[in-house]
Amino acid sequence: MAGRLLKVSSLATVVFSSSGFYLYNRQLDLSDLSVIRFGRAAAATAVISYDYLTAFRHVEYGTEEYWTLKSKLSELFVSFEENPQGAASLAQVHKAVLHDGRTVAVKVQHPKVQRQSSKDIMVIEVLIKAVNWLFPDFAFMWLVEEAKKNMPLELDFLNEGHNAEKVAKMLSHFPFLKVPMINWDLSTKRILTMEFLEGGQVNDREYMKKHCINVNEISENLGKMYSEMIFIHGFVHCDPHPGNVLVRKCPQSQKTEIVLLDHGLYQVLQPDFRMDYCRLWMSLIKGDLSRVERYSRRLGAGDLYPLFACMLTARSWNAVTAGISSVPVTHAEDVEIRTNAALYLPQISDLLNRVPRQMLLLVKTNDLLRGIETTLQTRASSSSFINMSRCCIRAVARHKRSKTQSRRRHLQITLAESLSLWKLSVYELLLWVKGSMMTRWLSALLAFLH
């Protein structure tokens, strides 16, 4: 018992020592709220450490040690669930209730992950260098470089909290998007306390069916969200796997919502890169091969631009040539892509080494989003291409306006933007009318057959 309490006390000492160093380096003003918040955050780190939580599993109920640990948690929470709601390699999430009645999710970083992560990266670097020495065609050093850059950001939960607030404000015009609010008073670099939100995973069709959630609406809204992030703002949530994207009916309005979690990994796109990427996608949608080549080359693909276009779209070169918005995805095409992916692995490795580092997380994000669309059976839908086109038009127009001081030129750009968006809306309306007529014809035919 004494050993375990000593372990907890030692951790608290380290935390409060670091807070003492912080206070030593600034004038102490006890009326300063930031000092109070820092003290509470430091206390939270000591109390909610992973070692502290798991200590319950080894303490006999009713003993002195049990009640000591229990009283510490009760200082911050009315209740705290020892069993995590979810666990991953970096952290695990516990459900708790604050004294003001709010239910929160407490994300707790594993105690040794900071030190272990640097060792893991070093091991990966050694292995990749060995593979590269044995097989020079397979050059994956970019993987190590990205891990070194991104791991410290993912391990800083304060950074994650700031990202969450930024994206919530950035996309506040989307009523369907829900991002958990952060409780800063109980958050540190290793602890993130936030609003507790429930829902089903975005790839759970049974959950959506049970709760009367429209699959097409979810897919369309997810596309709108990510198109805005990528093309308009250049601030992209890069880990949209199903565990981080939940769907639900709002308890108050009963409207469908998308809950976006885990904001540790974002990619910031530079303006010139974003414009080239934007114009590339517009060219891919239209099937304009000369512009596909031009913007692929500008993004570093060089002579491998056909492979680059196929990787971005997960479509065959025939589909890219025809325009990806006009050719449906087939099973035969999927088989062709999987087969070619294995055949062209050295070229893919070469390509990933060539393109700007900003592109790597975008490729990952594209793949995760396509996986969700495949599960929902909404892949390559016309609405997703229309939403992408709309965002691309707005992004290019905004970029052009930022480059000119002429009022006349500003007006020309705005009018051209409005005309393009109007044409897109007309096209969308025609598709809707066509779809509605087709539905009526099918209904009439089925009624006639019966």
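Residues numbered from 1 in each chain as written. Predicted model: local features only at pLDDT ≥ 70, side-chain atom pairs only at ≥ 80, totals over all residues. Heavy atoms only, no water.

(A) Molecular detail of unusual backbone geometry. Even without glycine at this site, Cys212 takes up a positive phi of about 55°. The topology assignment puts Cys212 in the loop between α8 (205-210) and α9 (215-233). Residues other than glycine seldom take positive phi values, yet Asp262 does so here, at roughly 55°. Counting through the fold element by element, Asp262 comes out in the loop between β10 (256-260) and β11 (266-268). Judged by relative accessible area, Asp262 falls into the partly exposed class, the value being 23%. (Helix = DSSP H or I, 4+ residues; strand = E, 2+ residues; numbered from the N terminus. Buried < 20%, exposed > 50% of the residue type's maximum accessible area, 1.4 Å probe, protein only.)

(B) Highlighting the packing of aromatic side chains. In the structure shown here, the tally under the stated rule is 6 aromatic pairs. An angle of 20° between the planes, with centres 4.4 Å apart, marks the rings of Phe235 and Tyr266 as stacked. Remark: Tyr266 occurs in strand β11 and Phe235 occurs in strand β8 (residues 235-237); sequence separation between them is 31 residues. Measuring from centroid to centroid gives 6.3 Å for Tyr305 and Trp317, while their planes differ by 70°, and the two rings are edge-to-face. Taken as a pair, Tyr305 in helix α12 (residues 305-313) and Trp317 in helix α13 (residues 317-322) lie far apart in primary sequence, 12 residues in all. For Trp317, a relative accessible area of 30% puts it in the partly exposed group. (Phe/Tyr/Trp six-rings, centres within 6.5 Å; stacked < 30°, edge-to-face > 60°.)

(C) A look at helix α16 (residues 357-376). With 20 residues, α16 extends 30 Å from end C-alpha to end C-alpha; this agrees with the ideal 28 Å at 1.5 Å per step. Of the residues one or two after α16, Gln377 is the one with positive phi, at around 60°. (Expected span 1.5 Å × (residues − 1).)

(D) A look at the packing of α12 against helix α15 (residues 345-354). Where α12 meets α15, the closest approach of the two axes is 11 Å, and the angle between their N-to-C directions is 90°. Taken together, the axis directions place α12 and α15 in an arrangement best described as roughly perpendicular. Packed against α12, whose contacting residues are Leu307, Phe308 and Met311, the element α15 presents Gln347, Ile348, Leu351 and Leu352 at the interface. When grouped by side-chain class, the residues that make up the contact of α12 with α15 number 6 nonpolar, 1 polar and no charged. (Axes fitted to C-alpha atoms, helices over the stretch in contact; angles between N-to-C directions. Parallel < 35°, antiparallel > 145°, perpendicular 65-115°, else oblique. Contact = heavy atoms within 4.5 Å. Nonpolar A, V, L, I, M, F, W, Y, C, P; charged D, E, K, R; others polar.)

(E) Local environment of the nonpolar core. Counting residues in hydrophobic clusters, the biggest one holds 83 residues, and the most contacted among them are Met225, Phe231, Tyr277, Phe308 and Met359. Looking at which domains feed residues into this core, each of domain 1 (113-268) and domain 2 (271-440) supplies at least three. Each residue touching Tyr277, except ones within four places of it in the same chain, is listed here: Ile230, Phe231, Leu299, Leu312, Met359, Leu362 and Asn366. By size, the runner-up hydrophobic cluster in this structure holds 10 residues, among which are Phe77, Leu98, Val104 and Val108. (Core = buried A, V, L, I, M, F, W, Y, C linked by side-chain atoms within 4.5 Å. Domains from an automatic or database assignment.)

(F) Structural view of helix α11 (residues 289-298). Of the positions making up α11, those classed as buried are Val292, Tyr295 and Ser296. One side of α11 holds all its buried residues, which, seen down the axis, span an arc of 105°. Away from its buried face, by an angle of more than 90 degrees, α11 presents the exposed residues Ser290 and Arg298. If you follow the buried residues of α11, they end up packed against α10 (271-286) and α12. Phi for Gly300, located one or two positions after α11, is positive at around 95°. (Arc of directions from axis to C-beta.)

(G) Structural context of empty space enclosed by the protein. For the structure on display, the rule yields 3 cavities of 30 Å³ or more. If you add up the space inside the largest cavity, you get close to 420 Å³. Of all the secondary-structure elements, those providing two or more residues to the lining of the largest cavity are α9, α10, α12, α16 and α17 (382-402). The residue inventory of the lining of the largest cavity, partitioned by class, reads 12 nonpolar, 6 polar and 4 charged. The residue makeup of the lining of the largest cavity includes at least three contributed by each of domain 1 (113-268) and domain 2 (271-440). (1 Å grid on protein atoms, 1.4 Å probe; cavity = no way out; pocket = protein on both sides within 12 Å on 5 of 7 lines; lining within 4 Å. Points joined across faces, edges and corners; volume = space filled by probe spheres on them.)

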